[in-house]
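# Structural overview
If you want the building blocks of each chain, they are given just below.
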Amino acid sequence: MTRQLPGRDEDPDRLYTVTRGRSRPPEHAFDLVTLIVAEQEPVPGMQSEHARILTLCADPIAVVEIAAELGLPVSVVRILLGDLLETGRITARHPRFAPTKARLPDLDTLKQVLHGLQQL
């Protein structure tokens, strides 16, 4: 018996059904490290893969981790995430878009604080 690797679904019909025949993710395709957070809980009647993604994304989780948990190719997961993003059920944040510099006080303010501390 051959062991199947995660993300290597041998049934292309299933993948076709899961993505409703789509083969490309939306224009705002997700990177492997994009963090996904669920904004809603799954609802009855929802596609099972969408519901599972929402459950996994209760806490921030990377796209690649979602794919691994679902055992689906990343390309399929990106299509499913696009569906959820369009309906507002998830938010996506890529680390490169996170503020690189936290709002730090300007240099003059820091100098004044340092001077005040030295006077103590």
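Computed from a predicted structure; not experimentally measured. (Residues numbered from 1 in each chain as written. Predicted model: local features only at pLDDT ≥ 70, side-chain atom pairs only at ≥ 80, totals over all residues. Heavy atoms only, no water.)

## Some points on the overall build of the chain
A tally of helices and strands in the chain yields five helices and three strands. Secondary structure of the chain in N-to-C order comes out as α-β-α-β-α-α-β-α. By the burial criterion, 29% of the 120 residues in the chain qualify as buried. Taking as baseline every contact in the chain between residues at least 6 positions apart, the subset at least 24 positions apart corresponds to 70%. Of the roughly 8,700 Å² of accessible surface on the chain, 54% is carried by carbon and sulfur atoms. (Helix = DSSP H or I, 4+ residues; strand = E, 2+ residues; numbered from the N terminus. Buried < 20%, exposed > 50% of the residue type's maximum accessible area, 1.4 Å probe, protein only. Contact = heavy atoms within 4.5 Å. Areas by Shrake-Rupley, 256 points an atom, 1.4 Å probe, with all protein chains shown as cover.)

## Re the packing of helix α2 (residues 48-56) against helix α3 (residues 63-70)
Remark: α2 packs on α3, axes separated minimally by 11 Å, with the N-to-C direction vectors making an angle of 125°. One element, α2, and the other, α3, form an angle in the oblique class. Note on packing geometry: the crossing formed by α2 with α3 is right-handed. Within the contact between the two elements, α2 uses Arg52, Ile53 and Leu56 and α3 uses Ile66, Glu69 and Leu70. When grouped by side-chain class, the residues that make up the contact of α2 with α3 number four nonpolar, no polar and two charged. (Axes fitted to C-alpha atoms, helices over the stretch in contact; angles between N-to-C directions. Parallel < 35°, antiparallel > 145°, perpendicular 65-115°, else oblique. Left-handed = near helix turned anticlockwise from the far one by under 90°. Nonpolar A, V, L, I, M, F, W, Y, C, P; charged D, E, K, R; others polar.)

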